[in-house]
Amino acid sequence: MPGVRLDKPWRDLNTENVDRLAGELGVYHLADAEGHVVRIGYAGGRSLFGLRGELHAALAAGEGARFRTEVTAQYLSRYEELLMIHVADHGGLPIGNAAEALRRLGRLSPG
C-alpha cells in the first residue's frame with residue numbers, strides 16, 4: 001500500500017517542465033533549491049488549465065525552484081491531508097501556506 005506522503009521526484013520549476021503537464025486537477029508541492037517545501041497547493045475546478053496553469057502562475061511569481069504533482073479528483077481532501085502531514089513532520093505549515101494558519105486541520109500521525 002502506498003504511503004500518504006507526496007514523494008514523487010522533484011522537477012525543476014521551469015517553463016519546459018510546466019508545459020509538459022496536462023490541464024488536470026490535483027495537488028502539488030513547491031520547494032526551494034534544497035528541496036524544502038515552501039508551499040502546498042492544488043488545482044481545482046476553478047483553476048484555469050489545471051496543474052499546468054497553477055504552476056505557471058507559481059513560476060511567474062518566483063515561488064519556488066522545484067515542484068512535484070499528484071493528479072487526483074479529490075484535490076481538496078488531498079490538499080488538506082498534505083497540509084496535515086507537513087504539520088506532523090515539521091511542526092507547522094510551509095511558509096507559502098501562512099494564510100492557511102487559521103484553517104482547522106485535523107491531525108495525522110503518518111508512519
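Our subject is the structure listed above.
(A) Inspection of helix α2 (residues 50-61) at higher detail. Over its twelve residues, α2 extends 17 Å from the first C-alpha to the last, a length consistent with the 16 Å expected when each residue adds 1.5 Å. By the burial criterion, the buried members of α2 are Gly50, Leu51, Leu55 and Ala58. Down the axis of α2, the buried set is contained in an arc of 120 degrees. They therefore lie on one face. Looking at the packing, one finds that the buried side of α2 touches α1 (15-19), β2 (26-31), β3 (37-43) and β4 (66-71). Directly after α2, the chain includes Gly62, whose backbone phi takes a positive value near 65 degrees.

(B) Quick peek at the nonpolar core. Listed in full, the eleven residues of the largest apolar core are Leu13, Val18, Leu21, Tyr28, Leu30, Val38, Ala43, Leu51, Leu55, Ala58 and Phe67. Of all the secondary structure elements, the ones that give two or more residues to this core are β2, β3 and α2. With three residues, α2 is the single largest residue contributor to this core. Residues within four places of Leu30 in sequence aside, it is in contact with Trp10, Leu13, His36, Val37, Val38, Arg39, Leu55, Ala58, Glu63, Arg66 and Phe67.

Calculation notes
Residues numbered from 1 in each chain as written. Predicted model: local features only at pLDDT ≥ 70, side-chain atom pairs only at ≥ 80, totals over all residues. Heavy atoms only, no water. Helix = DSSP H or I, 4+ residues; strand = E, 2+ residues; numbered from the N terminus. Expected span 1.5 Å × (residues − 1). Buried < 20%, exposed > 50% of the residue type's maximum accessible area, 1.4 Å probe, protein only. Arc of directions from axis to C-beta. Contact = heavy atoms within 4.5 Å. Core = buried A, V, L, I, M, F, W, Y, C linked by side-chain atoms within 4.5 Å.

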